[in-house]
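Structural features, examined
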Amino acid sequence: MTKPHVTASHHSSQMFERIALIGVGLIGSSISHACRRAGLAGEIVGSARTPATVETAVKLGLISQGYVTAAEAAEGADLVILCTPVGLCGPIAKEIAHSLKPGAILTDVGSVKTAIVNDVAPHVPEGVHFVPGHPIAGTEQSGPEAGFAELFDGRWCILTPTPNTDGKAVEKLTAFWEALGSKVEIMTPEHHDLVLAITSHVPHLIAYNIVNTAANLERVTDSEVIKFSAGGFRDFTRIAASDPTMWRDVFLNNKDAVLDMLGRFTEDLTALQRAIRFGEGDTLFDMFSNARAIRRGIVQAGQDTAAPDFGRTPARSEPATAKSKRA
Ligand code: NAP
């Protein structure tokens, strides 16, 4: 049923007897694929908001058992991973608190950390280890069919434990993410939120904004925007196709860091605007040269491909590949 994977670097060793995925969308389903690739779990169970998603997840073999409530799914699990939009982590932690097994690790994959720590930590019972996390990997797709085992390969996963978090639990979760293919870095939730505001959140806001600006232009038709999109616009539309619920929650929950970074961004944009107005070619050239060097750094760090057009062809075949794996 499943296409054979390259497994050389993934040892087949069970780390958890029962893993519960609360939410089985892009990230939850990718965790399941990568987990099964490396043989990390005795069983993977899960829940979602709608019965349709639970049904699909079971049908795809992402979870062996689907539950209507998060509390039932979390019952008896050694590792519980919250894979829902950020705003739901607090309410779900409250709901599952009494079902959590003593000694279990509770983690999440939310794109914001400070708000999640504030919302989740108060509900975590004594003896359960809460280790917040965020895999820096994703696509603009969502839902249980969007996931694939390679999503985390070579990407970073940030963990934001507090100084009081049990060291063994942090070590175990680190080993888990490494077995999923990731590299792991540990930092404070506040620092995470600042870094991600500029590397992820503000770029998404800019993409959403530019797409809407183009859509609202009176002097350029919609069909022209689409027809000539390869000039640059198209690459913003990929980012702007991301899940609206997820991104609404990111901005509601990382307000301060995003506003801070947007302030800096606006100042720099104004400087560019000024350079254009006054014909300062050297300023423009220097700023563009710096930016190009950053791009080279990303490629050298193995965080993207140098293929022309962002290696667009393989990227586009991802959903089809995911489907054919299940065929
Ligand atoms: P997604 O594909 O939209 O999946 C979200 C999942 O959460 C769905 O299975 C949904 O179930 C479920 N859900 C919603 N409300 C729920 C509830 N009350 N109880 C249980 N399950 C519920 O989203 P995603 O992209 O996987 O994102 C999940 C999390 O990962 C978010 O916190 C996001 O910030 C983070 N993240 C995302 C990316 C990315 O690029 N997408 C990258 C890193 C981290 P239904 O299908 O039934 O609605």
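Residues numbered from 1 in each chain as written. Predicted model: local features only at pLDDT ≥ 70, side-chain atom pairs only at ≥ 80, totals over all residues. Heavy atoms only, no water.

Another aspect to go through is helix 1 (residues 26-38). An ideal rise of 1.5 Å per residue puts 18 Å on 13 residues; helix 1 measures up with 18 Å between its terminal C-alpha atoms. Every buried residue of helix 1 is listed here: Leu 26, Ile 27, Gly 28, Ser 29, Ser 30, Ile 31, Ser 32, His 33, Ala 34, Cys 35, Arg 37 and Ala 38. Just downstream of helix 1, Gly 39 is the residue with a positive phi angle, here 65 degrees. (Helix = DSSP H or I, 4+ residues; strand = E, 2+ residues; numbered from the N terminus. Expected span 1.5 Å × (residues − 1). Buried < 20%, exposed > 50% of the residue type's maximum accessible area, 1.4 Å probe, protein only.)

On to the sheet that holds strand 9 (residues 183-186). Strand pairing in a sheet takes place through backbone hydrogen bonds and is either antiparallel or parallel in direction. With respect to topology, three strands assemble into an open sheet ordered 7-8-9, the strand pairing being mixed. Taken across any chain shown, the strands that pair with only one partner, and hence form the sheet edges, are strand 7 (133-135) and strand 9. Looking at each pair of strands side by side, their axes are set apart by 20 degrees on average, direction ignored. Looking at chain direction, strand 8 (residues 156-159) and strand 9 are connected through four bridges and run parallel. Paired with Trp 156 across the strands is Lys 183, a residue of strand 9. (Pairing = 2+ DSSP bridges. Axes fitted to C-alpha atoms, helices over the stretch in contact; angles between N-to-C directions.)

Attention shifts here to the pairing of strand 4 (residues 79-82). Across the two faces of strand 4 the burial is the same, with Leu 79 and Ile 81 and Val 80 and Leu 82 all buried. As defined by bridge partners, strand 1 (residues 16-22) adjoins strand 4 across four bridges and the pair is classed as parallel. Paired with Ile 22 across the bridge in strand 4 is Leu 82. Two elements, strand 4 and strand 5 (residues 105-108), share four bridges in a ladder whose sense is parallel. Bridging from a neighbouring strand, Leu 82 pairs with Asp 108 of strand 5. Note on the crossover from strand 4 through helix 4 (residues 89-96) to strand 5: the handedness is right-handed. (Right-handed = clockwise from strand over helix to strand, strands pointing away.)

With 38 residues, the main nonpolar core has Ile 31, Ile 81, Phe 152, Phe 176, Trp 177 and Leu 180 as its most contacted residues. Going through the elements one at a time, strand 1, helix 1, strand 4, strand 8 and helix 6 (167-179) are the ones with two or more residues in this core. The residues contacting Trp 177, other than those within four sequence positions of it, are Ile 31, Val 109, Pro 135, Phe 152, Cys 157, Leu 159, Ser 182 and Val 184. With 35 residues, the next largest nonpolar core counts Leu 82, Phe 130, Ala 240 and Trp 247 among its residues. (Core = buried A, V, L, I, M, F, W, Y, C linked by side-chain atoms within 4.5 Å. Contact = heavy atoms within 4.5 Å.)

What the domain assignment reports for the protein chain is domain 1 (16-187) and domain 2 (192-326). Averaged C-alpha coordinates put domain 1 and domain 2 at centres separated by 28 Å. The interface is formed by 29 residues belonging to domain 1 together with 22 residues belonging to domain 2. Summed over both sides, the interface of domain 1 with domain 2 buries roughly 1,900 Å², with 55% coming from carbon and sulfur. Sorting the residues of domain 1 by area buried against domain 2 places Ser 111, Val 112 and Glu 140 first, and these three jointly supply 27% of that buried surface. (Domains from an automatic or database assignment. Buried area = accessible area lost by both parts, 1.4 Å probe.)

On to the site of the ligand. In the vicinity of the ligand, 26 residues are found, and the nearest of them are Arg 49, Thr 50, Thr 53, Thr 84 and Ser 111. Leu 26 places a polar main-chain atom, nitrogen or oxygen, 2.8 Å from an oxygen atom of the ligand. With respect to the ligand, the backbone of Gly 143 contributes an N or O atom lying 2.8 Å from an oxygen atom. Bound to the protein, the ligand loses 88% of the 900 Å² it would expose on its own. Elements supplying a minimum of two residues to the shell around the ligand: helix 1 and strand 7. (Near = heavy atom within 4 Å. Polar contact = N/O pair within 3.5 Å; in protein donor to acceptor, adjacent residues only side chain to side chain. Areas by Shrake-Rupley, 256 points an atom, 1.4 Å probe, with all protein chains shown as cover.)

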